[in-house]
Amino acid sequence: MDFGSVLSGFEVVFEPQNILYCLIGVTLGMLVGVLPGLGPAATIAILLPITYNIEPTPAVIMLAGIFYGAQYGGTITSVLLRLPGEASTVVTALDGHQMARQGKAGSALGIAAIGSFIGGTASIVLLTFIAPLVADAALEFGPAEYTVLALIGIFLVATLGNGALIKSVAAAGVGLLLATVGLDPLVGTPRFTFGSDQLADGIDFVIVAMGVFGVGEILYNLEHRLRPQPAVLSFGRAIPRRPEWLQSRMAILRGSIVGFVLGVLPGGGATMSSLVAYAVEKRSAKDPSRFGKGAIEGVAGPESANNAAATSSFIPLLTLGIPANATMAVLFGALLLQGIPPGPQLIVDHPDVFWGVVNSMYLGNIILLLLSIPLIGVFVRLLKVRAGILAPLTVLVTMIGVYSIRNNAFDMFLVVGLGILGYGMKKLGFEPGPFVLAFVLGKLLEASFRRSMRLFDGDVLGFFQRPVSAVLVAVLVLTIVVIPVLRMVRNRQASLTPAERKS
Amino acid sequence: MSESYTRRRVLAALAAVSVLPVAACGGVKGGSDDAGSDYPTRAVNFTVPFAAGGSGDLISRAVAKAAEKPLGQSIVIANKPGANGAVGGKEVLASSPDGYNIALAVKSLFAITPLVVEDPTAIQPDKMEIVTTLVQEDYVLVVNAQSPYQTVEDLVKAPSVKYATAGVGTGGQLSQALLFKGAGTKATDVPFDGGAPAVTALLGKQVDALSGSLAETMEHIKAGKLRPLAIFSTERSEFLPEVPTAKEKGYDVVVDQRRFIIAPVGLPEAVSTKLEQAFAEARKDSAYETFLKDNYMERWEVSDEEARQHLKDSAAQFESLAQKFGLTFKS
Amino acid sequence: MTVDQSTPTEASDEPRDEDGPPTGGPALSAIAGAIPVALGLATLWYARGLGFGALADPGPGLWPSIVAVLLIATGAGIAVRARTARDTEAFTRGTTAVVIGAASLAIYAYLFELIGFEIPTLLLLALWLRFLGGESWRITAVVSVLATVAAYLLFITGLGVPLPHLIGS
């Protein structure tokens, strides 16, 4: 480790123009994060031509800022409007929106911002010291490991809901089915595309999430438009009170670690991290039944995790030249346009860029925290806007956001269709959370499983013969057999002495 | 995009009402006669039918930037990905031929995609104008640097090979399938979801080999993580002069990717000339030159007739090869 | 996948809004079970033509079929407990508003690429504000015009999103 270049990275960061671009980046990121549908990938793509005229380091500092800034912003719509713009904020919507309905929107957003800050910052520290090490470990993850990981994720998803488990499983099943729309990933056979090449590449996750959560929720509310809206009298404080802090600090710590580790995995890492963080909190809570009804740990854990994951997803890009997600792919392109090929040589050939960008994230996270706390007070006032006015504006921004994903009006029809589905699910008592998350993991599971079988020549035992996948299989067995048995025992005890549950 | 569309509709409607009697005997051609003379009067929409950040997106942005000056108008890029470029391509070809709607297209859509997907509405090489040809990108066969295979011969003699590809219907898949089939190797193809995951799998030794574009692999070759064994082009690449072609090694497999710009048929003469000139000028731009070098792309600058013929020839050739070796991509 | 650990009583524990909509009857619960079953059967029928492949190379039809079986099993389970389940909501007269809302969004999507975003946006907002939201004409006019202008400035002028539009180039 060459500390000279780490420190000179800080010199790079504190050049006035770099501070300025960092500020522009994170502010813009937060803004597009708040606008549902308009994600960081699209924004960075739009800004690519502008970066031609900027030097590489400030350009990448700005674009990176958009990415992690959007993570802060995305939480706001998840919590206030139950409109998650990213796969990694879906679970935040579960308890976050409940908190908002109970008049604790400020607390939810405050703890999310602080969790994000801690998760993000912890992740940068780890990145600085062990990036190359972690990157090599990520390469150990092949199709077999992803298969087991996705399977664990899907089991966690099914237990996420609050209603009857069987309905959560059914909702997850529909999500898995929707994920198969498009050309088959291994042989190219069209599945459920009905001859349209609009569906050939499958359906974008953002469309699914905005359809069943956002549009579905708005349609649902239309049905009861004459009913007086439950007035939100208080918002809670953006700076958490002592008990709230005590309740969430361990969640933040656990979330940060989970996020850092899983975020390194290209493909599904960030989503898995928020999901696992939520499951960990729910499992380790004294009273898991609070979850889904506004448990603050259910916001703190996943939010710390997805920001830590966002930061650690830079590791494969910067050290191996592998983009871990769609946004990283655009950043990859941005670096190429600057004549700086991301790859194993980056840190050697362009240490100023590498350390400049990494260290700028400290600054960016501080700016975001300082920006978030006062802005929360502004944003929560959205809840005061009458539904009659807020709903049309939300729906408009959603439709435009959906269009901007592929610049395609077909996707607007899709989001309306999925909105109707979301409405129907809500009426019939199915929860959208398991549906949406199963959709994300379903693609990963099927493709990884089939790749594994080709690699193993059809030998299922292959999953047990690779060290990492064998460990994951053990975790899987633990999650689906051992823990439910323990929980059943605990539930039985709880039902014997109901008084204990309240303590 | 729709601005032209709308304006044209309004104009067409007005024309229909006011000059109907004239049109009946005078043969009005929808008002597009004079459209070419002062072209371009506003920004040109350049549809990139691929996701932002990929090779197709980057080359489009590079050439568009260089073409703005000779064209005298700005060129606005919109990414409209889907079905290897078919979604955005079809839409642009269905728009009005006024020179304000152009799109990037790739050879694989015409030469390889038909082997995989049955599409009765697929774009035909004869049903589009080729505004300009841009680049050619070669595929290189690589193995992990720690792999025991030093040459192509070593690899094809291996008892069994698992090879990664960037997905179904990509040049990387076709080139490896043809190579291993031709050599009689017991080989299994493992398609990944794009070039980056495929490279990752090879770096992690999850697979034995990969055929990928130079843009995807060169950095890893330079860093000594991947070893190039052969290149699937007719001649050696200027970027990897010491790597033999597959042909030299006795495997007659030539697969590459080529990129060009298309427009709907029926462009007025003046418009197509103007566009051609602007892009011809753009290809001489020094920043564009640097971009090509940085991204390991070779120039492919031929006439539209030659380009069209190349697309048809490659499609026919790949189809007969696939039949000869009994390759089935469709199921 | 196992579904045997379900605790059917959990659903009824959930607190409902006091002025919430009426709970759907057993018939609606039965429908909630019938839909996954129907979806599963349709998928099985569709997937049969896709090919199951072998263990060494699972085909495109295998995974959808597994999911279909899961859907049929869970759907049947939901239908069985339909008599006692209380986790659905009855459709009410307000459902009409939902249909109008969804239809207006579909029309919006249709007009969006055809004539640019300005006019459809104005009309959509007006419809939602006045007729679905029950706002006054004055608020409807002010909000819909301001929001359309703001959207134009934000997305087209500010962020440079290539939305189809009439005004400006």
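The model shown is predicted, which means the values in this text are computed figures rather than measured ones.

Undergrad: Got a minute to help me understand helix α8 (residues 171–183) of chain B in this structure?
TA: Each full turn of the α-helix corresponds to 3.6 residues, which orients residues three or four apart in the same direction. All names here are of chain B. Compared with an ideal rise of 1.5 Å per residue, which puts 13 residues at 18 Å, α8 spans 18 Å between its outermost C-alpha atoms and is within 8% of the ideal. Burial analysis of α8 places 10 of its 13 residues in the buried class, which makes it a mostly covered element. For α8, the set of buried residues is G171, G172, Q173, L174, S175, Q176, A177, L178, L179 and F180. At the exit of α8 stands G184, carrying a positive phi of roughly 70°.

Undergrad: Is there a simple way to think about the side chain of D138 of chain B in this case?
TA: Residues and elements named next belong to chain B. Structurally, the position occupied by D138 is in strand β4 (residues 129–144). Within the buried set, D138 has no salt-bridge partner at all; the shortest N-O distance to an opposite charge, 6.6 Å, is to R258. Reaching out from D138, the side chain makes a polar contact with the side chain of Q136 at a distance of 3.1 Å. Beyond its immediate chain neighbours, meaning those up to four positions away, D138 contacts G212, S213, L214, I231, S233, S237, D256 and E298.

Undergrad: What is the right way to read the pairing of strand β2 (residues 75–79) of chain B from this model?
TA: Looking along a regular strand, one sees the side chains alternate between the two faces of the sheet. All names here are of chain B. The buried count for β2 comes to four of five residues, which makes it a mostly enclosed element. Note that strand β1 (residues 44–48) and β2 share five bridges and pair parallel. Residue pairing across strands places V48 opposite N79, the latter belonging to β2. Viewed along the sheet, the connection from β1 through helix α3 (residues 55–71) into β2 turns out right-handed.

Undergrad: Mind showing me how you'd approach the packing of helix α2 (residues 16–34) of chain A against helix α4 (residues 56–81) of chain A here?
TA: Each pair of packed helices gets described by two things: the angle between the helix axes and the distance between those axes. All names here are of chain A. Two elements in contact, α2 and α4, have axes separated by 5 Å at closest approach and are oriented at 30°. Taken as axis vectors, α2 and α4 run roughly parallel relative to one another. In this structure, α2 crosses over α4, and the sense of that crossing is right-handed. Taken together, the residues of the contact of α2 with α4 break down into 15 nonpolar, 11 polar and no charged.

Undergrad: I would appreciate a short explanation of unusual backbone geometry in the present structure.
TA: A negative phi angle is the norm for most residues apart from glycine, just as the trans form is the norm for most peptide bonds. Cis rather than trans, the peptide bond between Y39 of chain B and P40 of chain B has omega equal to -10°. Non-glycine residue R82 of chain A carries a positive phi angle of around 60°. As for its placement among the helices and strands, R82 of chain A is situated in the loop between α4 and α5 (90–101).

Undergrad: Could you clarify how one ought to interpret the UniProt feature "domain: DUF1468" (unreviewed entry) in chain C in this entry?
TA: Per the UniProt annotation, the sites labelled "domain: DUF1468" (unreviewed entry) are residues 31–164 of chain C. Across residues 31–164 of chain C, helical content stands at 70% and strand content at 3%; the span's end C-alpha atoms are separated by 41 Å.

Undergrad: Honestly, the interface of chain A and chain B in this entry has me stumped. Any pointers?
TA: A common measure of how large an interface is: the accessible area buried when the components associate. Taken together, the contacts link 42 residues of chain A with 43 residues of chain B. Taking both partners together, chain A and chain B bury about 3500 Å²; carbon and sulfur atoms supply 59% of that area. Joining chain A to chain B, the criterion identifies three salt bridges. Across the pair D457 of chain A and K162 of chain B runs a salt bridge, and its minimum N-O distance is 2.7 Å. Where chain A touches chain B, the interface holds 12 residue pairs in polar contact (both at pLDDT 80 or more). Counting only elements with at least two residues in the side of chain A that touches chain B, the list comes to α3 (40–51), α14 (326–337) and α19 (432–455) of chain A. Ranked by the residues each element gives to the side of chain A that touches chain B, the list is headed by α14 of chain A, at five residues. When grouped by side-chain class, the residues that make up the side of chain A that touches chain B number 23 nonpolar, 10 polar and nine charged.

Undergrad: Help me out: how do you make sense of the domain arrangement of chain C in this one?
TA: Domain annotation for chain C reports domain 1 (14–83) and domain 2 (95–158). With centres defined by C-alpha atoms, the gap from domain 1 of chain C to domain 2 of chain C works out at 36 Å.

Undergrad: Would you take a moment to explain the interface of chain C and chain A for this structure?
TA: With 74 residues of chain C in contact, the opposing surface of chain A contributes 75 residues. When the two sides are added together, the surface that chain C and chain A hide from each other amounts to roughly 6600 Å², 74% of it contributed by carbon and sulfur. Our count for the chain C to chain A interface comes out at three salt bridges. Of the charged contacts, one joins K167 of chain A and D87 of chain C as a salt bridge, the two residues approaching to 3.0 Å between their closest N and O atoms. At the boundary of chain C and chain A, one finds 11 residue pairs in polar contact (both at pLDDT 80 or more). When residues in the side of chain C that touches chain A are grouped by element, the largest group, 12 residues, is from helix α4 (residues 95–115) of chain C.

Undergrad: Explanation requested: the UniProt feature "transmembrane region" (unreviewed entry) in chain C in the structure shown.
TA: Residues and elements named next belong to chain C. Residues given the UniProt feature "transmembrane region" (unreviewed entry) here are residues 26–47, 62–82, 94–111, 117–133 and 140–163. Structurally, residues 26–47 is divided into 100% helix and 0% strand, and its ends, taken at the C-alpha atoms, are 32 Å apart. Span residues 62–82 is 90% helix and 0% strand, its end C-alpha atoms 30 Å apart.

Undergrad: Would you explain the packing of aromatic side chains in this entry?
TA: Enumeration over the complete set of coordinates arrives at 20 aromatic pairs over all chains. Ring centres of F449 of chain A and F463 of chain A lie 6.3 Å apart, and the angle between their planes is 5°; this geometry places the pair in the stacked category. Here F463 of chain A lies in helix α20 (residues 462–465) and F449 of chain A lies in helix α19, a separation of 14 residues in the sequence. On the numbers, 6.2 Å between centres and 25° between planes, the contact of F117 of chain C with Y152 of chain C is stacked. Taken together, the positions of F117 of chain C in the loop between α4 and α5 (118–132) and Y152 of chain C in helix α6 (residues 137–158) put the pair 35 residues apart, joining distant regions of the chain. Judged by its relative accessible area of 18%, Y152 of chain C is buried.

Undergrad: Would you mind showing me how to read the environment of F91 of chain C here?
TA: Here F91 of chain C is to be found in the loop between α3 (62–80) and α4. When sequence neighbours within four positions are dropped, the list of residues in contact with F91 of chain C reads E223, Y423 and K427 of chain A together with L28 of chain C.

Calculation notes
Residues numbered from 1 in each chain as written. Chains lettered and ligands numbered in written order. Predicted model: local features only at pLDDT ≥ 70, side-chain atom pairs only at ≥ 80, totals over all residues. Heavy atoms only, no water. Helix = DSSP H or I, 4+ residues; strand = E, 2+ residues; numbered from the N terminus. Expected span 1.5 Å × (residues − 1). Buried < 20%, exposed > 50% of the residue type's maximum accessible area, 1.4 Å probe, protein only. Lys, Arg positive; Asp, Glu negative; His and termini not counted. Salt bridge = Lys/Arg side-chain N within 4 Å of Asp/Glu carboxyl O. Polar contact = N/O pair within 3.5 Å; in protein donor to acceptor, adjacent residues only side chain to side chain. Contact = heavy atoms within 4.5 Å. Pairing = 2+ DSSP bridges. Right-handed = clockwise from strand over helix to strand, strands pointing away. Axes fitted to C-alpha atoms, helices over the stretch in contact; angles between N-to-C directions. Parallel < 35°, antiparallel > 145°, perpendicular 65-115°, else oblique. Left-handed = near helix turned anticlockwise from the far one by under 90°. Nonpolar A, V, L, I, M, F, W, Y, C, P; charged D, E, K, R; others polar. UniProt positions renumbered as here; feature names shortened; annotations may be inferred. Buried area = accessible area lost by both parts, 1.4 Å probe. Domains from an automatic or database assignment. Phe/Tyr/Trp six-rings, centres within 6.5 Å; stacked < 30°, edge-to-face > 60°.

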